[in-house]
Amino acid sequence: METTAPIRITAKPSSTHWDLIRTILAQSRTEFRRCFHCQSCGGGCPVSHAMTYRPNGIIRLIQLGLVREALQSSDIWLCIGCNTCSMVCPQAIDIAALMDVMRHMAIEEGVSPAEPGILAFHREVVNSIHRYGRTHKLEIMLRYKIRMLDMFSDFDVGLKMLAKRKLDLRPSKISDRKVMKRIFEACRVPPNGYGR
Amino acid sequence: MAMGADAIELSYFPGCSLATSARENNRSLLKVCKKLGYRIVELEDWNCCGSSSAHSIQSDLAFHFACRNLALAPAGRPLLVACPSCMLRLQQAQLHLKEDPQACETYERMWGRPVDPNLDILHFFELLEGAFRAAGPELKTALKGLRFVPYYGCMLIRPPALRHAKDYHGLMEKILSACGAQPLVWSHPSRCCGTFLSVAKPAVVTPMVNQIIQGAIDVEADCIVTACAMCYLNLEIRCSLKHQLPIFHFSELLSIALGMGIKKSWLTRHLVDPVPLLKAKGFMH
């Protein structure tokens, strides 16, 4: 099982906390140092019940220079990117954009993800787009299940979806097959995709 | 309602969900657009917008996926999007192009054409504004007696960068109540459904979905009406409550309201059978 290979190195493994904070500021383009921890973000977050630190906790870790702890947390992977936190923040911090940057940084820094399943799922989706130009849900599910060595959970849900024709057996494809290769090359993704 | 030869042409980006798992959403939506006087031309060879996964692991990928679709859109024709998530991805890429000259250069190098700054990206909801204003007597009672809760999900929420983009909240209530249905005030109109976590973390998503559906049950709704095909799927597959509510795509109810009924081939794709409700309300015989 291969889920933690670095994709693109932009920050050196020896980066200091300050380097990392500067990188987070530059890439997220949001001034998270304004956060005064009112916790509105956590109150609105639909997945905060499953998080360890909750969104403002991740910001606090970064403010305290504990970037590695933030990168190693489940929270950055559990974040769905629903933008609710960004909408409610009284300091106008785009927390969802910050979470994106934290995920990218965790991958780049080679941090072992606290939620390997979620990263594996994202990779299967991106690999599906690489292959077909569109997502093929059935294949994504099957490949994800194989990768996670979990073939039996949700078996009933899968069968129900198949019976209701919610899962197509064949993928919907784009006809320009070269274009995805071009995009992936431009993004410097390895030619065999994300960890197959 | 305009109809006939002077139809307005729109390019259309269906997105992966509407093209496959939510085909009933796509078909009802196309029917409604036609009835409202629009000629819909599917964007030729469109690709996935990148969904939640591309931007989660690499922003360049998300940008290029969205940009290729923008580059495929013929000039002078608005681009219609039905999926709120695709809408957000395409809008974000367009905003990035407007703000960053370097992004424009990359775009031009990749796609061999200049950025079209005037490309109008429209959500399906935008076609409906005004269309139902002059509702005739038939339309006014078309959905009479249906108590519903509108469920927008989270993707129609706008992140700070898109704060000036159009806000569509309130539209489902406005239009369906013009057709005689009764909108209910409830607790979860824009709560996130859990989206992709449904696959990797079903134990996290089930309580989220149950809360949403319980919220609708608490106000004694007959059904939930969704704006998003992804939300629709999660509400159907992840609810573990004993009592489940039928879920409708907004476009399906519009099809009933406009007198075109609801097709059997759409109904058979519902996991929670809506037929008893439709029959009880007299929308189906």
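Just so we're clear, the structure is a prediction, and the values are computed from it rather than from any experiment. (Residues numbered from 1 in each chain as written. Chains lettered and ligands numbered in written order. Predicted model: local features only at pLDDT ≥ 70, side-chain atom pairs only at ≥ 80, totals over all residues. Heavy atoms only, no water.)

Re the overall build of chain A
For chain A, the helix and strand inventory stands at 11 helices and 0 strands. Counting from the amino terminus, chain A carries its helices and strands in the arrangement α-α-α-α-α-α-α-α-α-α-α. By the burial criterion, 54% of the 196 residues in chain A qualify as buried. In chain A, the share of contacts with a sequence separation of at least 24, taken over all contacts with a separation of at least 6, comes to 68%. Approximately 9,100 Å² of chain A is accessible, and the part contributed by carbon and sulfur atoms is 56%. (Helix = DSSP H or I, 4+ residues; strand = E, 2+ residues; numbered from the N terminus. Buried < 20%, exposed > 50% of the residue type's maximum accessible area, 1.4 Å probe, protein only. Contact = heavy atoms within 4.5 Å. Areas by Shrake-Rupley, 256 points an atom, 1.4 Å probe, with all protein chains shown as cover.)

So, the side chain of R68 of chain B
Take R68 of chain B: it is sitting in helix α4 (residues 59-72). With relative accessibility at 4%, the residue R68 of chain B sits in the buried group. Beyond its immediate sequence surroundings of up to four residues, R68 of chain B is in contact with I174, D176 and V179 of chain A together with D45, W46, N47 and W111 of chain B.

Some remarks on the domain arrangement of chain B
Residues and elements named next belong to chain B. Domain boundaries in chain B define domain 1 (8-124) and domain 2 (137-280). On a C-alpha basis, the centres of domain 1 and domain 2 stand 24 Å from each other. Contacts between the two partners involve 27 residues from domain 1, matched on the other side by 25 residues from domain 2. Of the roughly 2,300 Å² buried between domain 1 and domain 2 on both sides combined, carbon and sulfur atoms contribute 69%. The set of elements that each furnish at least two residues to the side of domain 1 that touches domain 2 consists of α1 (15-19), α2 (23-35) and α5 (84-99). The biggest single contributor to the side of domain 1 that touches domain 2 is α2, with 9 residues. Class assignment for the residues of the side of domain 1 that touches domain 2 results in 11 nonpolar, 10 polar and 6 charged. (Domains from an automatic or database assignment. Buried area = accessible area lost by both parts, 1.4 Å probe. Nonpolar A, V, L, I, M, F, W, Y, C, P; charged D, E, K, R; others polar.)

Details of the interface of chain B and chain A
Accessible area lost during the coming together of the parts is what is often quoted as the interface size. At the interface, 58 residues of chain B touch 62 residues of chain A. Interface area, chain B with chain A, both sides summed: about 5,100 Å², of which 63% is carbon and sulfur. The largest contributions to the chain B side of the interface with chain A come from I57, F196 and V199 of chain B, which together make up 13% of the buried area. Viewed at the interface, chain A and chain B are joined by 4 salt bridges. The interface formed by chain B and chain A contains 22 residue pairs in polar contact (both at pLDDT 80 or more). Residue composition of the side of chain B that touches chain A, by class: 28 nonpolar, 18 polar and 12 charged. (Salt bridge = Lys/Arg side-chain N within 4 Å of Asp/Glu carboxyl O. Polar contact = N/O pair within 3.5 Å; in protein donor to acceptor, adjacent residues only side chain to side chain.)

Re the sheet that holds strand β3 (residues 79-81) of chain B
Strands in a sheet are paired, the pairing made by backbone hydrogen bonds, and the direction either parallel or antiparallel. Residues and elements named next belong to chain B. Ordered in space as β2-β1-β3-β4, the 4 strands form an open sheet in which the pairing is parallel. Edge positions in the sheet fall to β2 (38-42) and β4 (121-123), since each of these pairs with one other strand and no more. On average, adjacent strands in this sheet sit at an angle of 40 degrees to one another, irrespective of strand direction. In this sheet, β4 lies alongside β3 in parallel orientation, the contact comprising 3 bridges. (Pairing = 2+ DSSP bridges. Axes fitted to C-alpha atoms, helices over the stretch in contact; angles between N-to-C directions.)

A few points about the nonpolar core
Formed by 166 residues in total, the largest nonpolar core has its most connected members in I62 of chain A together with F124, F125, L128, F132 and F250 of chain B. Per-element accounting of this core gives the leading share, 9 residues, to helix α7 (residues 95-108) of chain A. Discounting residues that sit within four places of it in the chain, F124 of chain B has contacts with L29, V32, C33, L80, V81, A82, F250, S251 and L254 of chain B. Core analysis: the next-biggest nonpolar cluster, separate from the first, contains 7 residues, L138 and M161 of chain A together with L233 and L271 of chain B among them. (Core = buried A, V, L, I, M, F, W, Y, C linked by side-chain atoms within 4.5 Å.)

Some details on the environment of R163 of chain B
Residues and elements named next belong to chain B. Along the chain, R163 falls in the loop between β5 (147-151) and α9 (171-178). Given a relative accessible area of 55%, R163 falls into the exposed group. Of note is the side chain of R163, whose polar atom sits 2.7 Å from the backbone oxygen of P160.

Structural notes on the domain arrangement of chain A
When the domains of chain A are assigned, the result is domain 1 (17-108) and domain 2 (116-186). Here the C-alpha centroids of domain 1 of chain A and domain 2 of chain A sit 28 Å apart.

Notes on the side chain of N83 of chain A
You can see N83 of chain A is positioned in the loop between α5 (75-78) and α6 (84-88). By relative accessible area, which is 7% here, N83 of chain A ends up buried. Residue contacts for N83 of chain A: discarding those within four places in its chain leaves D94 and A96 of chain A together with L88, I157 and P159 of chain B.

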